[in-house]
Amino acid sequence: MSKTDYQGHYRPRVYLAGPLFSEAERTFNLRLTEVLEELTEVYLPQRDGGLMSEMVTTGVPSHVAACRVFRRDMDAIRKSDYLIAILDGRAIDEGVAFELGIAFSQAKQCVGLQTDSRRLAIWGNNPMITGALEAVFLSVDDLIEWIRASVMMKGLRLTRSGS
């Protein structure tokens with residue numbers, strides 16, 4: 001599944017799952033993607049799968065747009081090596097939660113990025129979210145350092161216990 005660049009370096013495929021409904025969210029996702037693409041190939045749903053709102057604005061019927069987004073994103077998760085879930089906000093975005101569940105069920109390596117300390121529950125994230133994540137990073141720098149170490153391991157995936 002993973003690819004190599006023109007110099008033969010391991011380039012894992014990352015699916016970046018994050019909320020994408022505000023300009024601030026989309027901007028954060030794009031900036032994070034730019035950093036991640038120094039080490040990986042990134043599928044960013046808002047860029048690579050399309051936004052429903054833009055499709056509908058151009059005349060695509062909403063049910064057709066929804067089907068396109070769903071199929072493109074599911075195909076990208078299937079092809080990915082890793083899923084990075086952005087967990088910021090009072091509650092985790094429902095699309096992110098769904099994508100994480102799909103990736104976990106396909107034995108993808110899943111990690112979270114949570115730069116926001118707000119949580120609805122005093123114990124933190126929902127156990128169905130934390131149970132699917134190998135790690136949760138509190139900064140972009142820590143996430144990038146983990147990816148860099150993973151890439152330097154020449155693409156050998158760290159496996160979840162029981163996998």
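Described in the following lines is the structure provided in the data block. (Residues numbered from 1 in each chain as written. Predicted model: local features only at pLDDT ≥ 70, side-chain atom pairs only at ≥ 80, totals over all residues. Heavy atoms only, no water.)

### Concerning the nonpolar core
Test applied: We define a nonpolar core as any set of buried Ala, Val, Leu, Ile, Met, Phe, Trp, Tyr and Cys residues linked to one another through side-chain atoms lying within 4.5 Å. Relative accessibility decides the category of a residue: with a 1.4 Å probe and only protein chains considered, values under 20% of the type maximum give buried, values over 50% give exposed, and everything between is partly exposed. Each helix corresponds to a stretch of at least 4 residues labelled H or I by DSSP, and each strand to a stretch of at least 2 residues labelled E; elements are numbered beginning at the N terminus. Should any heavy atoms of two residues lie within 4.5 Å, those residues are considered in contact.
One finds Leu-16, Leu-32, Leu-36, Ile-84, Leu-143 and Ile-147 to be the most contacted residues of the largest nonpolar core, which totals 19 residues. Elements represented by at least two residues in this core include exactly β3 (13–17), α1 (23–36), β5 (82–86), β6 (109–113) and α7 (140–152). Broken down by element, this core gets its largest block of residues, 5 residues, from α7. Not counting residues up to four positions away in its chain, the partners in contact with Ile-147 are Leu-36, Leu-39, Thr-40 and Ile-84.

### Re the packing of helix α4 (residues 62–79) against helix α5 (residues 94–105)
The cut-off we apply is this: All axes are obtained by fitting lines to C-alpha atoms, using only the stretch in contact for helices, and the reported angles, taken between N-to-C directions, cover 0 to 180 degrees. Throughout this description, any angle smaller than 35 degrees is read as roughly parallel, any larger than 145 degrees as roughly antiparallel, any in the 65 to 115 degree range as roughly perpendicular, and the remainder as oblique. For a crossing to be left-handed, the near helix must be turned anticlockwise from the far one by less than a right angle; the clockwise case is right-handed. Gly is put with the polar residues, along with every residue not named as nonpolar or charged; the nonpolar set is Ala, Val, Leu, Ile, Met, Phe, Trp, Tyr, Cys and Pro, and the charged set is Asp, Glu, Lys and Arg.
It is at 10 Å that the axes of α4 and α5 come closest, and there the two elements cross at 40°. Here α4 is positioned oblique relative to α5, judged by the angle of their axes. Handedness of the α4/α5 crossing: right-handed. In this structure, α4 contributes Phe-70, Asp-73, Met-74 and Ile-77 to the contact, and α5 contributes Phe-98, Glu-99, Ile-102 and Ala-103. Partitioned by chemical class, the residues of the contact of α4 with α5 number 6 nonpolar, no polar and 2 charged.

### Here we look at empty space enclosed by the protein
Defined as follows: Put simply, the grid is 1 Å and covers the protein atoms alone, a cavity is a trapped set of points that fit a 1.4 Å probe, a pocket is an open set with protein on both sides within 12 Å along at least five of seven lines, and lining residues have an atom within 4 Å of a point. Grid points are joined across faces, edges and corners, and a volume is the space filled by probe spheres set on the points.
One pass over the structure, following the stated rule, counts 1 cavity of 30 Å³ or more. Volume-wise, the largest cavity comes out at about 40 Å³. Looking at the largest cavity, the residues that line it are Pro-12, Val-14, Thr-40, Tyr-82, Ile-84, Val-111, Trp-146, Ile-147, Ser-150 and Val-151. Every element with two or more residues in the lining of the largest cavity is listed here: β5 and α7. Of the residues forming the lining of the largest cavity, the biggest block, 4 residues, is contributed by α7. By residue class, the composition of the lining of the largest cavity is 8 nonpolar, 2 polar and no charged.

### So, the pairing of β5
To keep it simple, the criterion reads: DSSP calls a pair of strands paired once it identifies at least 2 bridges connecting them. When the strands point away from the viewer and the path from the first strand over the helix to the second turns clockwise, the crossover is right-handed.
For β5, a buried count of 5 out of 5 residues is recorded, marking the element as mostly surrounded by other parts of the structure. Side-chain alternation along β5 places Tyr-82, Ile-84 and Ile-86 on one buried face and Leu-83 and Ala-85 on a second face that is also buried. As paired strands, β3 and β5 are joined by 4 bridges and run parallel to one another. Residue Tyr-15 lies in a different strand from β5, and its bridge partner there is Leu-83. Here β5 runs beside β6; their pairing, made up of 5 bridges, is parallel. Residue pairing in the sheet places Tyr-82 in a bridge with Gln-109 of β6. On the question of chirality, the crossover connecting β5 to the parallel β6 by way of α5 is right-handed.

### Considering the layout of surface pockets
Sizing a probe to match a water molecule and rolling it over the atoms shows the empty space that remains. Taken as a whole, the largest pocket holds about 460 Å³ of empty space. Looking at the largest pocket, it is lined by 22 residues, and the ones nearest its centre are Leu-20, Phe-21, Val-69, Asp-73 and Glu-99. Of all the secondary structure elements, the ones that give two or more residues to the lining of the largest pocket are α3 (52–57), α4 and α5. Class assignment for the residues of the lining of the largest pocket results in 13 nonpolar, 4 polar and 5 charged.

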